[in-house]
Amino acid sequence: MSFNNLDTLYRQVIMDHYKNPRNKGAIEDGNVTIDMNNPTCGDRIHLTLDVKDGVVQQAKFDGDGCSISMASASMMTQVVKGQNVDTALKMSAIFSDMMLGKEYDDSIDLGDIEALQGVAKFPARIKCATLAWKAMEKGIDQQ
Amino acid sequence: MNVNEIRRQFPILDQEVNGHPLVYLDSAATSQKPLSVIQTLDEYYRGYNSNVHRGVHTLGTRATDRYEGAREKVQRFINASSTEEVIFMRGTTTAINTVAQGYGRENVREGDEIVITHMEHHSNIIPWQQLAKATGAALKYVPLQEDGTLSLEDVRETITPNTKIVAMTMVSNVLGTMNPIKEITEIAHENGAIMVVDGAQAAPHTKVDVQALNCDFFAFSGHKMGGPTGIGVLYGKKNLLNIMEPIEFGGEMIDFVGLYESTWKELPWKFEGGTPIIAGAIALGAAIDFLEEVGLDAIEEHEHQLAAYALDKMAPIEGMTIYGPKDPQKRAGLVTFNMEGVHPHDLATVLDSEGIAIRAGHHCAQPLMKWLNVSSTARASFYLYNTEEDIDKFVAGLLKTKEYFSDVF
C-alpha cells in the first residue's frame, strides 16, 4: 500500500521513533520542567531536562500527540542530550529553518532529525514537529 | 431532494485537491457557500455598497432595505415574534458573550448558579466561566450518559432555584447529540432561570422555532449554514433584551448623545454598535432563502441518512471507536471517531492526500475530550451537498490509512 507523496512525510525512521520513543518518561531529579501544548490540536508534551554546567545532561519527554509530534520529541531528546546549551539552541534554530523549507546550516549533525525534512511540505503539520523544540528552548530560557 | 442539482450550486465542490476530486466532510466547522450567496455579496459590493440607517441617498436606502429585509428573513426562519428580537452579530461566540456580559453581569450574584453541560463548545463554556469568576456564582455541569446524551433526571437534579442561567447546545458539535431543549427550558423556567441555547450546529440542519422551544436566547452563526463568515444572530426575548445593557457603545446604536450622558436606540439596533455587517447579513438572507427552498426537513432527513450510512460502513472497521449516540435518528449528521493505531492528525493528513477533508483535534471542546478520555478525535460531518459516494470514498480512505500505518511498522 502506498500513498507516494506521503512517503516523504511518514519515513520509516519517524514511524520507528513514534512506535518506540527514546527517552520517554520524566527525570526524577531534573532541574527543568516544561509543559507545552498545541492549543489548536491538543498535542501536549511534558519535558524534563537536567541542565548542569551549561550542558544538557539528560532529557526526557512524556506526552500525547500525533506521530510527527511524538517522533520529533523523541529525536530531539536524543540529539540534545550531552550538548552544551548553546549548541542545543543552535540545533533548534537549524530545525526551525528546516521546517520553514529554508536553507539550513548542515555543519551540525542532527542525526535522525533529517528524516523530518519532508514535514516542510505539509504546512499544517509543521507545528506538530516544532512543539518539542519550542519546549526545549523555553526550558533552557527558564534556566 | 436532488443532491446532484444542489451540488451544482456549490462551485467550490467542483475541484481537485491533491489530484483527487474534493470530498468535503468538514461542514460542522464551516459549510460551503451556494452560488446565490456568493452572487449576493458580489451584487452588494458592485451595485449598492453603502452605509445603512443614515443619509438619504439612493444606495443607502437600497442597502438599508436589504439589510432590514435580511432581518425579516431571519425572524421567519427561527419564528421569532418580531424583528426587534433579531440582532445581527459576528457569530455565535459574540452572541453568547453578549448575553453573559449584558444580561449576566446585572442578574447573577454570588451564590447563584450557572448550569451548562459537559458537551459544550468552548464558546458556551468560557463566557460562563468568566461570568462565574466575576460574580462569585457557581458554574455547574450536567453530566453525560454513557452514550453522550443528557438525562432529564440529571438536568432536574443540577438545576435548582439558585440557578439563574442555563446554557446548552441544541446539537453537540462532537457527539452529534440532539438535546431536548424544549423540556430543559421548562425545567429552567420552573426554577426561575433563563435558558440560553447555542444553536450553531442546529440552525443549519433542522427547523428551529424559538417560540415553540420557549428559550430566552438563541445564538447561531451564518457561516455554518451556507452564509459568509463574520455574520451571526442573537435572538432574545424582547422583555429581556429591553432590560439588558448593550456591551458595545459607539455609532449606530445611539439615540441622543450628550457630553456626559447618552441614550440608546430601540431594539434591535441598540445592540448593533458601529457600522453593521451589512454584506454579511444580506448574504445570510440569501443563504436562508436557499435552505428554505431545499427545505430544512429534507436537509435533516438527508443528513440522518448519510449518518446512518456512514455508521454502518464505519462500525465494522477493526479498532474503530465511534463517539455519541449509536441510533442515527438520535444524532445529527456527523460522526466523531478514533481508529486504533492512527492518530487523528495523521489520519486527517493521509485523507487530505486523497482529497478528503475531515477535522482532527479537540473540536473546541476540551472538557468533552476529557470526559471521553481522549486528547483528540477525528470527525466527518455532512451537509446537504454530501452523497453516499463521498462516504464510500471516505471509508475507503480510512481502510487505506489503516493499511498504510500497519505497513510502515
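As the structure is a computational prediction, the values presented were derived from the model and not from experiment. (Residues numbered from 1 in each chain as written. Chains lettered and ligands numbered in written order. Predicted model: local features only at pLDDT ≥ 70, side-chain atom pairs only at ≥ 80, totals over all residues. Heavy atoms only, no water.)

A. Quick look at the UniProt feature "domain: Aminotransferase class V" (unreviewed entry) in chain B. Mapped onto this numbering, the UniProt entry gives "domain: Aminotransferase class V" (unreviewed entry) at residues 23-394 of chain B. Measuring from the first to the last C-alpha atom of residues 23-394 of chain B gives 8 Å, for a span that is 40% helix and 17% strand. (UniProt positions renumbered as here; feature names shortened; annotations may be inferred. Helix = DSSP H or I, 4+ residues; strand = E, 2+ residues; numbered from the N terminus.)

B. Expanded view of the interface of chain A and chain B. Between chain A and chain B, the contact holds 23 residues from the first and 20 residues from the second. Both sides of the chain A and chain B interface together cover about 1900 Å² of buried area, and 58% of this is carbon and sulfur. Scanning the region where chain A abuts chain B turns up one salt bridge. Our enumeration of links across chain A and chain B arrives at nine residue pairs in polar contact (both at pLDDT 80 or more). Mapped onto the side of chain A that touches chain B, the elements with two or more residues apiece are α1 (12-19) and α2 (67-80) of chain A. Considering each element in turn, the side of chain A that touches chain B owes the most residues, four residues, to α1 of chain A. (Contact = heavy atoms within 4.5 Å. Buried area = accessible area lost by both parts, 1.4 Å probe. Salt bridge = Lys/Arg side-chain N within 4 Å of Asp/Glu carboxyl O. Polar contact = N/O pair within 3.5 Å; in protein donor to acceptor, adjacent residues only side chain to side chain.)

C. Representation of the domain arrangement of chain B in the model. Residue and element names in this part refer to chain B. Parsing chain B into structural domains produces domain 1 (3-26 + 296-408) and domain 2 (50-292). Here domain 1 and domain 2 have C-alpha centroids that lie 29 Å from each other. Each side of the interface is counted separately: domain 1 has 32 residues, and domain 2 has 31 residues. Buried surface at the junction of domain 1 and domain 2, summed over both partners, amounts to about 2500 Å²; 64% is from carbon and sulfur atoms. Summed over the shared surface of domain 1 and domain 2, the number is one salt bridge. Note that Asp 297 is salt-bridged to Lys 207, the shortest N-O span being 3.3 Å. The interface formed by domain 1 and domain 2 includes eleven residue pairs in polar contact (both at pLDDT 80 or more). Contributions of two or more residues to the side of domain 1 that touches domain 2 are made by α11 (296-314), β14 (334-339) and α13 (366-372). (Domains from an automatic or database assignment.)

D. Looking closely at the packing of helix α3 (residues 85-99) of chain A against helix α4 (residues 126-142) of chain A. Residue and element names in this part refer to chain A. Two elements in contact, α3 and α4, have axes whose closest approach is 10 Å; the angle formed by their N-to-C orientations is 160°. Relative to α4, α3 is oriented roughly antiparallel. Relative to α4, the crossing made by α3 is left-handed. The segment α3 lies against α4, with Val 85, Ala 88, Leu 89, Met 91, Ser 92, Phe 95 and Met 99 engaging Ile 126, Ala 129, Thr 130, Trp 133, Met 136, Glu 137 and Ile 140. (Axes fitted to C-alpha atoms, helices over the stretch in contact; angles between N-to-C directions. Parallel < 35°, antiparallel > 145°, perpendicular 65-115°, else oblique. Left-handed = near helix turned anticlockwise from the far one by under 90°.)

E. View of helix α10 (residues 278-294) of chain B. Residue and element names in this part refer to chain B. For α10, spanning 17 residues, the distance from its first C-alpha to its last is 25 Å, which sits close to the expected 24 Å at 1.5 Å a residue. The buried count for α10 comes to 13 of 17 residues, which makes it a mostly enclosed element. Gly 295 sits one or two positions beyond α10 and adopts a positive phi of about 105°. (Expected span 1.5 Å × (residues − 1). Buried < 20%, exposed > 50% of the residue type's maximum accessible area, 1.4 Å probe, protein only.)

F. Spatial organisation of the UniProt feature "domain: NIF system FeS cluster assembly NifU N-terminal" (unreviewed entry) in chain A. In the numbering adopted here, UniProt assigns the feature "domain: NIF system FeS cluster assembly NifU N-terminal" (unreviewed entry) to residues 10-128 of chain A. As annotated, residues 10-128 of chain A comprises 34% helix and 21% strand, and the C-alpha atoms at either end are separated by 13 Å.

G. Up close: the state of the cysteines. The tally for this structure, following the rule as stated, stands at zero disulfides over all chains. As a non-bridged cysteine, Cys 128 of chain A has Cys 66 of chain A as the owner of its nearest cysteine sulfur, 3.8 Å distant. (Disulfide = S-S within 2.5 Å.)

H. Spatial organisation of the pattern of salt bridges. By the definition in use, this model includes 20 salt bridges over all chains. Its salt-bridge partner being Asp 97 of chain A, residue Lys 102 of chain A comes within 3.9 Å of it at the nearest N-O pair. Sharing partners across several salt bridges, the network here consists of Glu 68, Arg 71 and Glu 272 of chain B.

I. Region of the structure containing the side chain of Ser 67 of chain A. Its place among the elements puts Ser 67 of chain A in helix α2. At a separation of 2.7 Å, a polar atom in the side chain of Ser 67 of chain A contacts the side chain of Asp 346 of chain B. For Ser 67 of chain A, the contacting residues outside a window of four places in its chain are Tyr 10, Ile 14, Met 15 and Tyr 18 of chain A together with His 343 and Asp 346 of chain B.

J. View of the nonpolar core. Among the nonpolar cores identified, the biggest contains 77 residues, and Ile 68 and Val 80 of chain A together with Met 314, Phe 337, Ile 358, Phe 394 and Leu 398 of chain B are the most heavily contacted of them. The biggest single contributor to this core is α4 of chain A, with nine residues. Apart from the residues within four sequence positions on either side, Met 314 of chain B is in contact with Met 320, Ile 322, Val 335, Phe 337, Phe 394, Val 395 and Leu 398 of chain B. In this structure, Ile 78, Ile 181, Cys 215 and Phe 218 of chain B belong to the second largest nonpolar core, which totals 68 residues. (Core = buried A, V, L, I, M, F, W, Y, C linked by side-chain atoms within 4.5 Å.)

K. Representation of the pairing of strand β8 (residues 194-198) of chain B within the structure. Residues and elements named next belong to chain B. By the criterion of burial, β8 is predominantly enclosed, with five of the five residues buried. Side-chain alternation along β8 places Ile 194, Val 196 and Asp 198 on one buried face and Met 195 and Val 197 on a second face that is also buried. Bridge count between strand β7 (residues 163-169) and β8: five bridges; the pairing is parallel. Following the sheet pairing, Thr 169 is matched in β8 by Asp 198. A crossover connection joins β7 to the parallel β8 through helix α7 (residues 181-190); in handedness this β-α-β unit is right-handed. Here β8 pairs with strand β9 (residues 217-221) via three bridges, running parallel. Its bridge partner being in β9, Val 197 is matched across the sheet by Phe 218. (Pairing = 2+ DSSP bridges. Right-handed = clockwise from strand over helix to strand, strands pointing away.)

L. View of the sheet that holds β7 of chain B. Residues and elements named next belong to chain B. Taken together, the seven strands give an open sheet; going across it, the order is β4-β10-β9-β8-β7-β5-β6, and neighbouring strands pair in mixed fashion. Each edge of the open sheet carries a strand with a single partner, namely β4 (86-89) and β6 (138-142). Geometrically, the sheet is characterised by an average inter-axis angle of 20° between neighbouring strands, direction not taken into account. Sheet analysis places strand β5 (residues 113-117) next to β7, joined by three bridges and oriented parallel. Of the residues in β7, the one forming a bridge with Val 115 is Val 166.

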